[in-house]
Amino acid sequence: MEHIRTPKVEQVRLLDRFSNKFTNGTLYLTATHLIFVESSSNNSTSAAQEIWILHHHIASVEKLSLTTTGCPLVIQCRNFRLVHFVVQRERDCHDIYSSLLRLLRPVSYQELYAFSYNPKQNDQQREEGWQIIDLGAEFERMGVPCDQWQLTNVNRDYKVCETYPRDLYVPITASKPIIVGSSKFRSKGRFPVLTYFYQEKKAAVCRCSQPLSGFSARCLEDESMLQAISKANHNSRFVYVMDTRPKLNALANRAAGKGYENEDNYSNIRFQFVGIENIHVMRTSLQKLLEVIGTRSLSMSDHLVGLESCGWLRHIKAVIDAAIFLSKAVTVEGASVLVHCSDGWDRTSQVCSLGALLMDPYYRTIKGFMVLIEKDWISFGHKFADSVYTIYSTWCDQLDGDPKEVSPIFTQFLEGVWQLTEQFPQAFEFSEWFLLQIHEHVHSCQYGNFLGNNQRQREDLRMRERTHSLWAYLMSEKQNYLNPFYSLAYSETHPVLEPSTLPYHFKFWRNMYHQFDRSMHPRQSILKTEEVGEEATESTDTERKVEGSSGSESRKQSYGDVCVARGSCRSVCDNLLFTQWS
Amino acid sequence: MEKSGSVDSLGSKRSSSRQPSVDSLSSTSTSRSDRSAQAKPPFAMSSDSVAASAELSPEFRVKPKPTAKQVLRDSDKEPQLLPNETVQDYAQDVTYFCPFIGALRGTVIVTNYRLFFRSMDRELPFVLDMPLGVVSRVEKIGSASNRGDVSYGLVCKDIRNLRFAHKQMEDTLRKSIFEVLVKFAFPVSNGLQIFAFEYGQVFPENGWKVYDALSEYKRQGIPNESWRITKVNDHYEVCDTYPSTLAVPVNIPDEELKRVAAFRAKGRMPVLSWIHPESQATVTRCSQPMVGVNGKRSKEDEKYLQAIMDANAQSHKLFIFDARPSVNAAANKMKGGGYESEDAYQNAELVFLDIHNIHVMRESLRKLKDVVYPNIEDSHWLSNLESTHWLEHIKLILAGALRIADKVESGKTSVVVHCSDGWDRTGQLTSLAMLMLDGYYRTIYGFEVLLEKEWLSFGHRFQLRIGHGDKNHTDADRSPVFIQFIDCVWQLTRQFPAAFEFNEYFLVTILDHLYSCLFGTFLCNSEQQRLKEEIPKRTVSVWSYINSQLEEFTNPLYVNYSNHVLFPVVSLRHLELWVGYYIRWNPRMRPQEPVHQRHKELLAKRAELQKRVDELQREVTNRSASSLSEHAGSPTRSITPVQTFV
């Protein structure tokens, strides 16, 4: 590729983040990856370490001033990997630096890895991969359409709302004029639509964006839209309207002609603020968290106090609190709930998806979790393109063209799920590794799922024909993501989870933020053991077992590090490190 | 097919077993009393039934749901008494102020072993069942108030406080039930016998046979060409806090040993704790040398340490780990103690590990208790936790043990570990290092051996540190040294979830019976005292109880990594507060799901699968034998990894 000036640099030093250790090796720059290969001479016992960094994962590259050993190059990645190289010659360093600067800012979609990634599948397999998740079937599973809810074709051509999907579910009584009228009164045209239907109580979870109410504006269509939602549920005389923002922010929005629903204008609503901070607060909080945990010689008190003061865990708690409120309103009171924030694609997605996760055991399975992300995040237009990688921020007309749309909203959602899995070890079919893998690929741009900001963009780019689906890949690797403690029976007896939100239940997610810091790894991962557990399950299959060696061989390979460690000398405990992580 | 079938059957069992606890408090407590009636061994430490530490109490059995009538009848019953347990007093109309659900009225029964409270005025009976051994202090709160109530506060050793109140007795001559309680909670101070001596339950396993010094040394390969077993302390004459069987370097005669002992505090000379099976590097333990202000030296002691170094051919260096902060070690010189000077001990390198003394630890745990019990301040949780420094102490201990293990394993160097007297911090360090170095100690039996050896036989002063049956709660000798050690072990199990044969419940059970005084294991201060008191003859060992129901204590994820050395990452990023122990009384802190039951199901499943693998393996061998040599080698080899992990 024309941007690569120096494809290979030898004698590069990789510094460990938390100690004075370092390794020497060679740096390779390819069209898609930056690869560091440890020179194998220094220790023969373990295989040479290789680090592959996808260009899309790189958040920033920094060239520090020259030192006696060479020119330092610090690369910060979006999956929280931080690598610190020292390149001997400044010219090499500069070449790599400037190449990377160019490579990590693709100017067109065509440069994204997903469009060149080819996992050796034919078109049919690719198509099948995309068909794994079918949202129509998902709504059918919930029992929609039914006598109160119907599929509307009003957004067939993305005319009413271009950030919504084509297929939308609305109350039977909401006529087309009502929908169109309502959408005009909602920010970005995101009118109230169904996202989850709780069949048992016929209660609905709907989502939208803030109303353009300003200080006094009203919209009769919007009022009848909410009325229709309320009427569709016979169990409750009112509908909850959850504004997930802090009240102050909502008030400030009024000055801009936006705002929140006035209880006087809407009959039968109960209005509630939840108080989740906006994306900028979240971004700053995460930055502070990373600063705290990145400190080299961190004392116990700095760690605990830093963790508290950065507020990250408090924000996670706020999101989960909101989800609990939602789930209680629906499952206990049987009331329908309408959730919104400002635009209805960040906090709203978090709350709707976590709420559904609490209410419906299906979403706690591997397949169900994919469906949940596809539904509440991808199809309802969470701006993955803006919030996880900055490249097309020019498309975004927000904040006076400020490209600062990057925010860890989805990461926060995954962490919320992780905190729940810690509280309910038996309730989730998947393990932590599954969440980490999704997080990895949200940023990798290797699969088409998370590219673009909404369905329409994805269709314009013909994503389904040109890229592959992450879900197909994850499905094929399902064995690796199973949680050994998962109990079907538990899901049956506990369909609705009621998490506790005491401070202790919110822990620092070490495997997310220190995933790539080898020196911070536990020497033995539960993941390893989980795989082992799955082995046990697998071996019940008589045929496979008897047919012989090929399967077992490959298995042997994947657990090779453990086996090697068993066989060889005692001190190579390091081999227990699950090397496939790096 | 088979797979899904088994999941289903587990599932149905589960759902029925979960029923009681979900439904109501009443059925929970009923299922509890059912359990205690049914279970052979007594469960010494029941929690508040609401707090019912669901995670750790093995109470979920398959039971039909009890009818309301049964509930009533059950609640009238007394607690299920243990052998030789007798009711001492009984009082009605007592109020228990539960910090989590509020005031409850009910009856209190005091036996010679437990305090039993059952609430009456609620539809849902509430039960508090607690061994008296955990009571540290009983105090009368205020005088008789205008309503004529007398209030008592019980401060417990296991991170909780209880408060009761009852009406002022009209008959002033009659003793309050809490005065009776005081008598039986502190039997030692009241000239009574600790309950362990009366309790005569017979278990299928005999825990007193778990540890035998000679066979443990033999397991380690002692005696060998450089180490011998000495009988010099057979009658505890050289050192009364040491065990009778000691392992010392071969070329030091008994006479010289006595002179070495004379130079060490309390006569605790350096003796072998553990030897590396390959490199012959050793872990030895002792107390501080009696250097004093004048820098006294002992030729014998110097020669002795040289002999320890020479016994390991791999290295020409010896590391002396002094567990104390260097300031404290220096201060000890004023009292005649001190540390080895590097001039006197050539080839030895002295390292201070900066672990604080028992008083600092006691204070730290006290603060921790303030932070976690009864209520937790939500907004400052982490900074409050920080202010206790508890995790910092845990970190220092683990870091010290890690350095020792690393020197022995990677450096192939022998180490000497001591603190002041060599029975607190030294025990923590040697036993943790041994746990890292030797997979045997990570099994259930092995861990019992480790405790018997490094803690009990080497004279950790359990009686003084815990104060069994002693009412002097301000005793400066009390300290949570052992709790700290178990906490460190728990931290290790978090980092190596598959390396330990035992589960969290095992550790909690050990700590519960550390206080309960039901078993004789943790009574007395030294092996000599235990022999004198005839503890093994007159009491039951806690290992008898544990080993008779191993399935409760087994970790289903355990994979035998016996040939591995564990090097934990001693980073604060990995250390957590042990909520399952310190905050288990708070019902809001209780884990949402009892994983304990699920663990047992997994264990059963694993056993079943193992059986199947064995069968299939046999089948494979048969087939390959019949189908010629073409594939003969591969099937058996390919099975190896599977077998390893199952």
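All chains use their own residue numbering, which begins from 1 and follows the written sequence. As a convention, the first chain written is A and the first ligand written is 1, with the rest following in written order. Residue-level local features of this predicted model are given only where pLDDT is at least 70; pairs of side-chain atoms are given and counted only at 80 or more, and the full residue set underlies all totals for whole chains, interfaces and linings. Only hydrogens and water are set aside; all other atoms, that is, all heavy atoms of the structure, feed into the side-chain values.

A closer look at the overall build of chain B
Stated formally: Secondary structure counts use DSSP, requiring at least four H or I residues in a row for a helix and at least two E residues in a row for a strand, with both numbered from the N terminus. Classification of residues uses two cut-offs on accessible area relative to the type maximum, computed with a 1.4 Å probe and protein chains only: under 20% is buried, over 50% is exposed, and between them is partly exposed. Any pair of residues with heavy atoms lying within 4.5 Å of one another is described as a contacting pair. In short, Shrake-Rupley with a 1.4 Å probe defines the accessible areas, and a residue's cover is counted only from the protein chains shown.
Secondary structure assignment for chain B yields 22 helices and 14 strands. In chain B, which comprises 646 residues, the proportion classed as buried is 61%. Here the analysis covers contacts within chain B between residues at least 6 apart in sequence; of these, 71% occur between residues at least 24 apart. Entry remark: accessible area of chain B is about 24,700 Å², with carbon and sulfur atoms responsible for 50%.

With respect to the UniProt feature "active site" (unreviewed entry) in chain A
Residue and element names in this part refer to chain A. Going by this rule: UniProt positions are given in the numbering used here, feature names are shortened, and annotations may be inferred rather than shown by experiment.
The sites that carry the UniProt feature "active site" (unreviewed entry) are, in the present numbering, Cys341. As for its position among the elements, cysteine 341 is in the loop between strand 14 (336–340) and helix 10 (347–359). Residues contacting cysteine 341, with those up to four places away along its chain left out, are Cys208, Ser209, Gln210, Asp243, Thr244, Arg245, Asp346, Arg347 and Thr348.

Observations concerning the packing of aromatic side chains
Quick reminder of the rule: Centres within 6.5 Å are what make two rings of Phe, Tyr or Trp a pair, Trp counting through its six-membered ring; a difference in plane orientation under 30 degrees is then read as stacked, over 60 as edge-to-face, and the rest as tilted. We call a charge positioned over a ring when the NZ of a Lys or the CZ of an Arg lies within 6 Å of the ring centre and within 35 degrees of the ring normal.
One pass over the structure, following the stated rule, counts 70 aromatic pairs over all chains. Note on Tyr113(A) and Tyr117(A): the rings are 5.6 Å apart at their centroids and 55° apart in plane angle, and the pair reads as tilted. The same class applies to Tyr113(A) and to Tyr117(A), which are both buried. Taken together, a centroid distance of 5.1 Å and an interplanar angle of 35° make the contact between Tyr113(B) and Phe195(B) tilted. Of this pair, Tyr113(B) sits in the loop between strand 2 (102–111) and strand 3 (114–119) while Phe195(B) sits in the loop between helix 4 (177–185) and helix 5 (213–219), and the two are 82 residues apart along the sequence. The side chain of Arg13(A) reaches across the aromatic face of Phe22(A), ending 3.9 Å from its centre. Positioned above the aromatic ring of Tyr363(A), the side-chain terminus of Arg141(A) is 5.3 Å from the ring centre.

Thoughts on a nonpolar patch on the surface
Residue and element names in this part refer to chain B. Going by this rule: Patch definition: residues with relative accessible area over 30% and no salt bridge; like charges joined within 9 Å; nonpolar side chains (Val, Leu, Ile, Met, Phe, Trp, Tyr) joined within 5 Å. Whenever Lys or Arg places a side-chain nitrogen within 4 Å of a carboxyl oxygen from Asp or Glu, that contact is recorded as a salt bridge.
Side chains of Leu81, Val87 and Tyr90 sit close together on the surface and give an oily, nonpolar patch of about 230 Å² of accessible area. Tracing the backbone through its elements, the reader meets tyrosine 90 in strand 1 (residues 87–98). Accessibility expressed as a relative area gives 41% for tyrosine 90, which makes it partly exposed.

Quick word on the UniProt feature "binding site: substrate" (unreviewed entry) in chain A
Residue and element names in this part refer to chain A. Stated formally: Polar contacts, as counted here, are pairs of nitrogen or oxygen atoms within 3.5 Å of one another; within protein the pair requires one atom able to donate a hydrogen and one able to accept it, and residues that are adjacent in sequence qualify only if both atoms are side-chain atoms.
UniProt feature "binding site: substrate" (unreviewed entry): in the numbering of this structure it lies at Asn278, Ile279, Cys341, Ser342, Asp343, Gly344, Trp345, Asp346 and Arg347. The greatest C-alpha distance among the annotated residues, which extend across 70 residues, is 12.3 Å, indicating that they converge on a single site. Relative to the elements of secondary structure, aspartate 343 occurs in the loop between strand 14 and helix 10. On the accessibility criterion, aspartate 343 (8% relative accessible area) is buried. A distance of 3.1 Å separates a polar atom in the side chain of aspartate 343 from a polar atom in the side chain of serine 187. Looking at where arginine 347 falls in the secondary structure, it is placed in helix 10. Ignoring anything within four residues of it in the chain, the contact list for arginine 347 reads Thr244, Arg245, Pro246, Ile276, Glu277, Asn278, Cys341 and Ser342.

Here's the deal with the confidence of the model for chain B
Residue and element names in this part refer to chain B. Applied cut-off: Scored from 0 to 100, pLDDT reflects the predictor's confidence in each residue.
Confidence along chain B averages 83 in pLDDT terms, with 82% of residues attaining 70 or more. Contacts of residues 1–76 to residues separated by more than four positions or lying in other chains number 142 contacts, the stretch itself having pLDDT below 50. Within the model, the stretch residues 629–646 combines pLDDT values under 50 with 25 contacts to residues more than four positions away or in other chains. The ipTM for the predicted assembly is 0.75, set against a pTM of 0.81.

Points about helix 14 (residues 432–444) of chain A
Keep this limit in mind: One less than the residue count of a helix, multiplied by 1.5 Å, gives the span that helix is expected to have.
Helix length check: helix 14 of chain A, at 13 residues, gives a terminal C-alpha distance of 18 Å against a target of 18 Å (1.5 Å per residue), a fit within 8%. Where burial is concerned, most of helix 14 of chain A is hidden: 13 out of the 13 residues are buried.

Considerations on the pairing of strand 12 (residues 318–322) of chain B
All names here are of chain B. As a reminder, the rule being used: Pairing between two strands is assigned when DSSP locates at least 2 bridges connecting them. The handedness rule is simple: strands pointing away from the viewer, and a clockwise path from the first strand over the helix to the second, make the crossover right-handed.
Across the five residues that make up strand 12, a large majority, five, are buried. The side-chain alternation of strand 12 yields two buried faces, one formed by Leu318, Ile320 and Asp322 and the other by Phe319 and Phe321. Bridge analysis of strand 12 against strand 13 (residues 348–352) gives five bridges, and the strand direction is parallel. In the strand pairing of strand 13, isoleucine 320 is matched with leucine 350. In this view, the connection linking strand 12 to its parallel neighbour strand 13 by way of helix 8 (residues 326–331) has right-handed handedness. Taken together, the five bridges between strand 12 and strand 14 (residues 414–418) define a ladder with parallel strand orientation. Note on strand 14: the bridge partner recorded for leucine 318 is serine 414.

Quick word on the nonpolar core
Operational definition: What makes a nonpolar core is a set of buried Ala, Val, Leu, Ile, Met, Phe, Trp, Tyr and Cys residues whose side-chain atoms join them at distances within 4.5 Å.
Of all hydrophobic cores here, the largest spans 294 residues; its most connected members are Phe369(A), Ile438(A), Phe164(B), Phe447(B), Phe482(B) and Tyr582(B). Ranked by residues supplied to this core, first place goes to helix 9 (residues 312–331) of chain A with 12 residues. For Ile438(A), the residues in contact, after removing those within four places along its chain, are Phe369(A), Ile373(A), Phe410(A), Leu414(A), Phe450(A), Trp471(A) and Leu474(A). By size, the runner-up hydrophobic cluster in this structure holds 24 residues, among which are Val9(A), Val12(A), Leu14(A) and Cys71(A).

A closer look at the pattern of salt bridges
Considering all chains together, one arrives at 53 salt bridges over all chains under this definition. We note a salt bridge from Glu138(A) to Arg141(A), for which the minimum N-O separation is 3.0 Å. With Glu138(A) and Arg141(A) both in helix 3 (residues 135–142) and three residues apart, the pair spans about one turn of that helix. Residue class for Glu138(A) comes out buried when judged on its relative accessible area of 3%. Measuring nitrogen to oxygen at the nearest pair gives 2.4 Å for the salt bridge that ties Glu459(A) to Arg166(A). Remark: Arg166(A) occurs in the loop between strand 8 (149–152) and strand 9 (168–171) and Glu459(A) occurs in helix 15 (residues 455–460); sequence separation between them is 293 residues. Connected through shared salt-bridge partners, Glu422(A), Lys507(A), Arg494(B) and Glu576(B) make up one network.

Remarks on the packing of helix 11 (residues 366–379) of chain A against helix 14 of chain A
Residue and element names in this part refer to chain A. Stated formally: In this analysis, axes come from line fits to C-alpha atoms, helices being fitted only over the stretch in contact, and the angle between any two N-to-C directions falls in the range 0 to 180 degrees. Crossings are classed by handedness, with left-handed meaning an anticlockwise turn of the near helix from the far one by less than a right angle and right-handed meaning a clockwise turn. Note on residue classes: Ala, Val, Leu, Ile, Met, Phe, Trp, Tyr, Cys and Pro are nonpolar, Asp, Glu, Lys and Arg are charged, and everything else, Gly too, is polar.
Running from N to C, helix 11 and helix 14 point in directions that differ by 30°, and their axes come no closer than 12 Å. For the crossing formed where helix 11 meets helix 14, the hand is right-handed. Between helix 11 and helix 14, the residues in contact are Ile366, Phe369, Met370 and Ile373 and Phe434, Leu435 and Ile438, respectively. When its residues are assigned to classes, the contact of helix 11 with helix 14 shows seven nonpolar, no polar and no charged.

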